[in-house]
Amino acid sequence: MDRIEMLDLNAEDFSLRDQINKAIETVVERGDFINGLSVKSFRKELESYLNVPHIIPCGNGTDALQISIMALDLPPGGEIITPAFSYAATAEVIKLLGYKPVFVDVDPNTFNLDPNLIVPAITENTCAVMPVHLYGQCADMNAILKIAANHNLKVIEDAAQAIGAGMEIYGKGRIAAGAIGDIGGFSFFPSKNLGAYGDGGAIVTKSEELAVYAHSIANHGQTKQYIHKYVGVNSRLDSIQAAILSVKLTALSQKVERRKQIAQLYNEAFASNEKLAIPERSKGIEHVYHQYTLRTKGINRDEIVDLLDKNNISARIYYPTPLHLQTAYVENGSSAVKKLHFPNAELLAETVFSIPVHPALTDEQVNYIIETINKICSDR
Ligand SMILES: *Cc1c(COP(=O)(O)O)cnc(C)c1O
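1. Remarks on the pattern of salt bridges
Right, so step 1: The final tally for this structure, using the stated rule, is 15 salt bridges.
Right, so step 2: Residue R30 is joined to D32 by a salt bridge in which the shortest nitrogen-to-oxygen separation is 3.2 Å.
Right, so step 3: R30 gets classed as partly exposed once you look at its relative accessible area, which sits at 39%.
Right, so step 4: Of the charged contacts, one joins K375 and D379 as a salt bridge, the two residues approaching to 2.9 Å between their closest N and O atoms.

2. A closer look at the site of the ligand
Right, so step 1: Around the ligand, the structure places 14 residues, and the nearest of them are G61, T62, Q161, S187 and K192.
Right, so step 2: G61 places a polar main-chain atom, nitrogen or oxygen, 2.7 Å from an oxygen atom of the ligand.
Right, so step 3: A distance of 3.0 Å separates an oxygen atom of the ligand from a polar side-chain atom of K192.
Right, so step 4: Counting residues per element, the shell around the ligand draws most heavily on helix α4 (residues 61–71), at three residues.

3. Remarks on the sheet that holds strand β9 (residues 201–205)
Right, so step 1: Reading across from one edge, β1-β9-β8-β5-β4-β2-β3 is the order of the seven strands in this open sheet, with mixed pairing throughout. The two strands at the open ends of the sheet, each matched to only one other strand, are β1 (54–58) and β3 (100–104). Taking each pair of neighbouring strands and ignoring which way they run, the sheet shows an average axis angle of 25°.
Right, so step 2: Pairing of strand β2 (residues 79–83) with strand β4 (residues 126–129), which is carried by three bridges, proceeds in the parallel orientation. Paired with I80 across the two strands is A128, which belongs to β4.

4. Side note on the nonpolar core
Right, so step 1: Residues F42, F186 and F188 are the most contacted members of the largest nonpolar core, which totals 47 residues.
Right, so step 2: Inspection of this core shows a minimum of three residues originating in each of domain 1 (9–104 + 111–249) and domain 2 (252–378).
Right, so step 3: Once residues within four sequence positions are removed from consideration, F188 is found in contact with F42, L46, I163, L194, G195, A196, G198, G200, G201, A202 and L245.
Right, so step 4: Counting residues in hydrophobic clusters, the runner-up holds 26 residues, among them C58, M70, M130 and I217.

5. Brief notes about the domain arrangement of the protein
Right, so step 1: Annotation of the protein at the domain level lists domain 1 (9–104 + 111–249) and domain 2 (252–378).
Right, so step 2: Here the C-alpha centroids of domain 1 and domain 2 sit 24 Å apart.
Right, so step 3: Summing both sides of the interface, domain 1 and domain 2 together bury roughly 3,200 Å²; the carbon and sulfur share of this comes to 61%.
Right, so step 4: Applying the counting criterion to the domain 1 and domain 2 interface returns three salt bridges.
Right, so step 5: Linking domain 1 with domain 2 are 21 residue pairs in polar contact (both at pLDDT 80 or more).

6. Digging into the side chain of T90
Right, so step 1: For T90, the position within the fold is in helix α5 (residues 88–96).
Right, so step 2: On the basis of relative accessible area, T90 is assigned to the buried category, the value being 1%.
Right, so step 3: Reaching out from T90, the side chain makes a polar contact with the side chain of S86 at a distance of 2.9 Å.
Right, so step 4: A polar atom in the side chain of T90 sits 2.9 Å from the side chain of D158.

Basis of the calculations
- Residues numbered from 1 in each chain as written.
- Predicted model: local features only at pLDDT ≥ 70, side-chain atom pairs only at ≥ 80, totals over all residues.
- Heavy atoms only, no water.
- Salt bridge = Lys/Arg side-chain N within 4 Å of Asp/Glu carboxyl O.
- Buried < 20%, exposed > 50% of the residue type's maximum accessible area, 1.4 Å probe, protein only.
- Near = heavy atom within 4 Å.
- Polar contact = N/O pair within 3.5 Å; in protein donor to acceptor, adjacent residues only side chain to side chain.
- Helix = DSSP H or I, 4+ residues; strand = E, 2+ residues; numbered from the N terminus.
- Pairing = 2+ DSSP bridges.
- Axes fitted to C-alpha atoms, helices over the stretch in contact; angles between N-to-C directions.
- Core = buried A, V, L, I, M, F, W, Y, C linked by side-chain atoms within 4.5 Å.
- Domains from an automatic or database assignment.
- Contact = heavy atoms within 4.5 Å.
- Buried area = accessible area lost by both parts, 1.4 Å probe.

And the structure:
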């Protein structure tokens, strides 16, 4: 068996290759590299695909989150509640803008922010909550929206890993991840479910007012050309990237279906493996399996990842250090001060590992991964 990587973008995009090359060529011929036609059409296509009223393309997912927060005009120094277990970008933008990330623990089975822990973390300075739809599964947004409404908090969704996911929101029907709260961000980093051939991102919101404001912030705070009403940033999606994303968007549903299919095979194969916990699915909450992530039980995670590597299977650890233990985010910025303790985030950092779930995997590769993992576990 040839080595199985976490990603195989060549194989994934193989059938789209001609269309993508043509799309790039069209932009090159037109020469509208910045804010070109392809950016406008991608924006419309994504709005219609996700059934959301407003998409604002921007430079990358981190910018999308930063601009989302900026557009809310939160009180200076306010506290934003966010999970201790995520990619650093979530906490980074909060702190960069002068707000305080207030970490709460996650549910050890869904890996997402535990809504029960939000209320105890609320203080008079709390202004927002920023859930992350980790690995592609929506956080429990019904519970989060209810708490936010009761405590007058804004909701910013880090939907970087969850494009195309969604969930039933009480009384409102199905809403796409990212557009459930006030505002949210997607990433088109090449490895994401909808990946560009470089950096890219988008802000998503149901609010026209926030959309206009966020669009202006992303363009140097301009309201008209050379009229700068706000201090903004320069964060644009390149026309070439937009043209590529438009082609790739046409294949997204199909690719997500394949991810779900593979995840289902994994779930069935590992459900009775006592050394592993499969990712828990909450009822009514969609999962687009950006990652398929398992947790080891009573066996050494690093040893498993090592053995998979020796058997020609790539596996990755997302994420080996929780945010509350990162030097940049330790309270007062110093690791010497008393550390916060979030047992579930710490447990996950020591026990999770993600295995290939990309849509170009063949059934044969999936079976090889299943057999290898079950064998490694039964030998322990
Ligand atoms: C990828 C990612 C981001 C950042 O996206 P970039 O496009 O790399 O800036 C933010 N949050 C999470 C959870 C991510 O996975």
